[in-house]
Amino acid sequence: MAVHAHPDDEASSTGGVLARCAAEGITTVLVTCTDGRCGDGPGGIKPGAPGHDPVAVAAMRREELEASCAALKVTHLELLGYADSGMMGWPSNDAPGSFWGVPVAEAADRLAGLIRRYRPDVVVTYDENGFYGHPDHIQAHRVTMAAVALTDVPAKVYWTTAPHSGMAALGEALRELGVDWAETEMTEDAPPPQIGLPDAEITTWVDTRAFGAQKYDALAAHASQSENIAFLRMGKERFTDLMGVETFVRVRDTTGAPLPEDDLFAGLR
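Each value, and the rule that gives it
Residues numbered from 1 in each chain as written. Predicted model: local features only at pLDDT ≥ 70, side-chain atom pairs only at ≥ 80, totals over all residues. Heavy atoms only, no water. Helix = DSSP H or I, 4+ residues; strand = E, 2+ residues; numbered from the N terminus. Buried < 20%, exposed > 50% of the residue type's maximum accessible area, 1.4 Å probe, protein only. Pairing = 2+ DSSP bridges. Expected span 1.5 Å × (residues − 1). Arc of directions from axis to C-beta. Salt bridge = Lys/Arg side-chain N within 4 Å of Asp/Glu carboxyl O. Right-handed = clockwise from strand over helix to strand, strands pointing away. Contact = heavy atoms within 4.5 Å. Core = buried A, V, L, I, M, F, W, Y, C linked by side-chain atoms within 4.5 Å. Phe/Tyr/Trp six-rings, centres within 6.5 Å; stacked < 30°, edge-to-face > 60°.

Some words on the environment of Ala95
Right, so step 1: Relative to the helices and strands, Ala95 resides in the loop between strand E3 (76-82) and helix H3 (104-118).
Right, so step 2: Sequence separation of Ala95 and Ala83 is twelve residues, and the distance between their C-alpha atoms is 8.4 Å.

What follows is the structure, encoded as structure tokens:
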């Protein structure tokens, strides 16, 4: 079970492992917490700009999410349906129904119901900072960890991350395409996000290069979002080279599998 904040998050950070698990006959469950209404509208219209319709954007992003799941062969898609909260400090953080404003206990109880229904051996979500400080990612972390504590079902829990070495290579590739990735994920008053970990602190390195084309196609399903277009401009081959190994920090384990590991299901097979 992968618990993500928005439509498209499943493709960028866990698309490879979702596709790999599907190919291995493992049931995959994607839980998407928000509707993505604070994303770009058709033609790249930004939230708050004239012509941006949050309800229409949410409907469009649901269709994109379903196409992404088809590309990754996700077995079950579950939508918690909360409103996208937008970037930290946006007025939408405090809008009625925003995920950021929902009591953790309330959302955790709903997610715990899904965990009890599907009984996943492995749960994946974000770290305490939501990977890069997005409020919905932080809330997804809090809700997931609370739900795991309520159920005690999964044998293993992981947080997504990225190695500093890989981030440097990815950043250089994006700069070659004329993109400053940090600028796409910050507001005017916010500093550049702190992303990833030193390589030595990463516990789990999963080779998903054989599924790079599926991961690319899943991200392409979300091509309405401007931050994804930069990755798609790389083409499938370079995209796979740079994003074909997905990395995690293992934070719960009942199997005793040694670290480092190259398989989320080490100790369970």
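Concerning the pairing of strand E6 (residues 204-207)
Right, so step 1: Burial along E6 is one-sided: the face carrying Thr204 and Val206 is buried and the face carrying Trp205 and Asp207 is not.
Right, so step 2: The pairing of E6 with strand E7 (residues 245-253) spans four bridges and is antiparallel. Each residue of the ladder has a partner; that of Thr204, found in E7, is Phe248.

Observations concerning helix H5 (residues 164-176)
Right, so step 1: In this model, H5 (13 residues) spans 18 Å end to end at C-alpha, consistent with the 18 Å of a helix rising 1.5 Å per residue.
Right, so step 2: Among all positions of H5, only Met167, Leu170, Gly171, Ala173 and Leu174 are buried. The arc enclosing the buried residues of H5, seen along the axis, measures out at 160°, which places them on a common side. In H5, the exposed positions that point more than 90 degrees away from the buried face belong to Arg175 and Glu176.
Right, so step 3: Residue Gly178 follows H5 closely and has a positive phi angle near 85°.

So, the pattern of salt bridges
When the charged atoms of two side chains lie near each other, side chains of opposite charge can form a pair.
Right, so step 1: Going through the model one piece at a time under the given rule, you end up with 17 salt bridges.
Right, so step 2: Of the charged contacts in the structure, one is a salt bridge between Arg61 and Asp8, with a shortest N-O distance of 3.4 Å. Highlighted residues: Arg61 in helix H2 (residues 54-72) and Asp8 in the loop between strand E1 (2-4) and helix H1 (9-23), separated in sequence by 53 residues. Assigned by exposure class, Arg61 and Asp8 land together as buried.
Right, so step 3: A salt bridge links Arg269 to Glu24; its shortest N-O distance comes to 2.8 Å. In this pair, Arg269 is assigned in the segment after E7 and Glu24 in the loop between H1 and strand E2 (29-34), connecting sequence segments 245 residues apart.
Right, so step 4: Through salt bridges with shared partners, one network takes in Arg20, Glu24, Asp263 and Arg269.

Focus: the pairing of strand E5 (residues 156-161)
Right, so step 1: In terms of burial, E5 is largely enclosed, as six of its six residues are buried.
Right, so step 2: Alternating residues of E5 divide into Lys156, Tyr158 and Thr160 and Val157, Trp159 and Thr161, and every residue in both groups is buried.
Right, so step 3: With four bridges joining them, strand E4 (residues 122-125) and E5 adopt parallel strand pairing. Each residue of the ladder has a partner; that of Val122, found in E5, is Lys156.
Right, so step 4: A crossover links E4 with its parallel partner E5, the connecting element being helix H4 (residues 135-151), and its sense is right-handed.
Right, so step 5: Alignment of E5 against E7, held across six bridges, turns out to be antiparallel.

Observations concerning unusual backbone geometry
Right, so step 1: In this model, Leu259 is joined to Pro260 through a cis peptide bond whose omega is -5°.
Right, so step 2: Along the polypeptide, Pro260 turns up in the segment after E7.
Right, so step 3: Residues other than glycine seldom take positive phi values, yet Asp8 does so here, at roughly 105°.
Right, so step 4: Assessed through its relative accessible area of 5%, Asp8 is described here as buried.
Right, so step 5: Notably, Phe131 is not glycine yet its phi reads approximately 75°, a positive angle.
Right, so step 6: Along the chain, Phe131 falls in the loop between E4 and H4.

A closer look at the environment of Leu264
Right, so step 1: Relative to the helices and strands, Leu264 is located in the segment after E7.
Right, so step 2: Taking relative accessible area as the criterion, Leu264 reaches 5% and is therefore assigned buried.
Right, so step 3: It is 20 Å that separates the C-alpha atoms of Leu264 and Cys69, two residues lying 195 residues apart in sequence.
Right, so step 4: Those residues in contact with Leu264, other than ones at most four positions away along the chain, are Val17, Val122, Val124, Lys156, Tyr158, Thr204, Val206 and Phe248.

A short note on the nonpolar core
Buried together is how nonpolar side chains tend to be arranged in soluble globular proteins.
Right, so step 1: Judged by nonpolar contacts, the single largest core of 30 residues is most densely connected at Met1, Val31, Phe99, Leu111 and Ile115.
Right, so step 2: At the level of secondary structure, the elements contributing two or more residues to this core comprise E2, E3, H3 and H4.
Right, so step 3: Of the residues forming this core, the biggest block, six residues, is contributed by H3.
Right, so step 4: Once residues lying within four places of it in the same chain are set aside, the contact partners of Val31 are Met1, Ala2, Val3, His4, Glu78, Leu80, Leu111 and Leu114.

Regarding the packing of aromatic side chains
Right, so step 1: Tallied over the entire structure, the rule returns three aromatic pairs.
Right, so step 2: For the ring pair Tyr82 and Phe99, a centre distance of 5.3 Å and an interplane angle of 25° mean the geometry is stacked. Taken together, the residues Tyr82 in strand E3 and Phe99 in the loop between E3 and H3 connect sequence positions 17 residues apart.
Right, so step 3: Using a relative accessible area of 0% as the deciding quantity, one classes Phe99 as buried.
Right, so step 4: Between Tyr216 and Phe239, the aromatic rings sit 5.3 Å apart at their centres with planes inclined by 80°, giving edge-to-face as the arrangement. Note that Tyr216 is positioned in helix H7 (residues 212-220) and Phe239 in helix H9 (residues 236-243), a separation of 23 residues in sequence. Of the two residues, Tyr216 and Phe239, neither departs from the other in class, the shared state being buried.

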